[in-house]
Amino acid sequence: DKVSQALIAAGAPADCEAQVRPSAKAQFGDYQANGVMSVAKKLGMPHRQLAEKVVQLLDLGDVAAKVEIAGPGFINIFLNSDWVARQADRVLNAPKLGIAPVEPQTIVIDYSAPNVAKEMHVGHLRSTIIGDAAARTQEFLGHKVIRANHVG
């Protein structure tokens with residue numbers, strides 16, 4: 001939202017997409033805003049010039065430790081590690097990780113059906129682990145879970 005607001009303040013149309021994505025490599029920061037180049041093309045201005053304008057108008061508060069322009073107009077955002085730690089601490093100390101209560105339902109999860117007429121293999125374990133993870137997640141959310149774990 002903040003990058004989109006800065007793009008619009010820099011002259012982009014209101015329906016522009018900031019295209020903020022997690023960076024593929026740590027050297028490019030935690031996130032990249034890649035939408036500047038397509039917006040600059042639509043506006044008929046140099047990519048890097050628009051990127052510079054966006055960075056000047058971008059107010060990330062204490063969320064980012066550093067914001068830089070790379071290449072033709074990519075905006076790299078490096079998160080502030082203190083901010084990340086505060087967010088993690090807030091979530092980890094909240095009851096049920098801050099997840100809102102749900103109206104409890106009864107959920108049946110049917111998983112793990114090894115065929116006793118054949119040899120067991122790792123695929124049977126995979127099904128069991130996925131089913132158990134789904135059941136535990138639903139129980140954590142507050143639902144009553146009936147596990148239907150059968151053979152055959």
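See above for the structure.
Owing to the predicted nature of the structure, the values given are computational and were not obtained by experimental measurement.

Got a minute to help me understand the pairing of strand S4 (residues 74-79) in this structure?
When a strand is regular, its side chains alternate between the sheet's two faces. Examined bridge by bridge, strand S2 (residues 31-33) and S4 share three bridges and lie antiparallel to one another. Each bridged residue has a counterpart across the sheet, and for glutamine 32 the counterpart in S4 is asparagine 76. By the bridge criterion, six bridges tie strand S3 (residues 64-70) to S4 in an arrangement that is antiparallel. Looking across to S4, one finds that alanine 64 is bridged to leucine 79. Following S3, the chain reverses through three residues before pairing antiparallel with S4; glycine 71 in that reversal takes a positive phi of roughly 55 degrees.

Help me understand the sheet that holds S4, please; the structure alone is not making it clear to me.
Working definition: the strands of a sheet are paired by backbone hydrogen bonds and lie parallel or antiparallel to each other. Pairing is antiparallel in the open sheet, where four strands are placed in the order S1-S2-S4-S3. Only two strands of the sheet have a single neighbouring strand rather than two, namely strand S1 (20-22) and S3. If you compare each strand with its neighbour and ignore which way they point, the axes differ by 25 degrees on average. Summarising the sheet, S1 and S2 pair through three bridges and their orientation is antiparallel. Counted as the bridge partner of proline 22 is tyrosine 31 from S2.

Just checking my understanding: could you explain the packing of aromatic side chains for this structure?
For any pair of aromatic rings, the description rests on two quantities: the centre-to-centre distance and the angle between the ring planes. Summed over the entire model, instances satisfying the criterion amount to zero aromatic pairs. Note that lysine 66 overlies the ring of phenylalanine 78, its terminal NZ or CZ placed 4.4 Å from the centroid.

Conventions we followed
- Residues numbered from 1 in each chain as written.
- Predicted model: local features only at pLDDT ≥ 70, side-chain atom pairs only at ≥ 80, totals over all residues.
- Heavy atoms only, no water.
- Pairing = 2+ DSSP bridges.
- Helix = DSSP H or I, 4+ residues; strand = E, 2+ residues; numbered from the N terminus.
- Axes fitted to C-alpha atoms, helices over the stretch in contact; angles between N-to-C directions.
- Phe/Tyr/Trp six-rings, centres within 6.5 Å; stacked < 30°, edge-to-face > 60°.
- Lys NZ or Arg CZ within 6 Å of the ring centre and 35° of its normal.

Remember that the coordinates give geometry; whether it matters functionally is a separate question.
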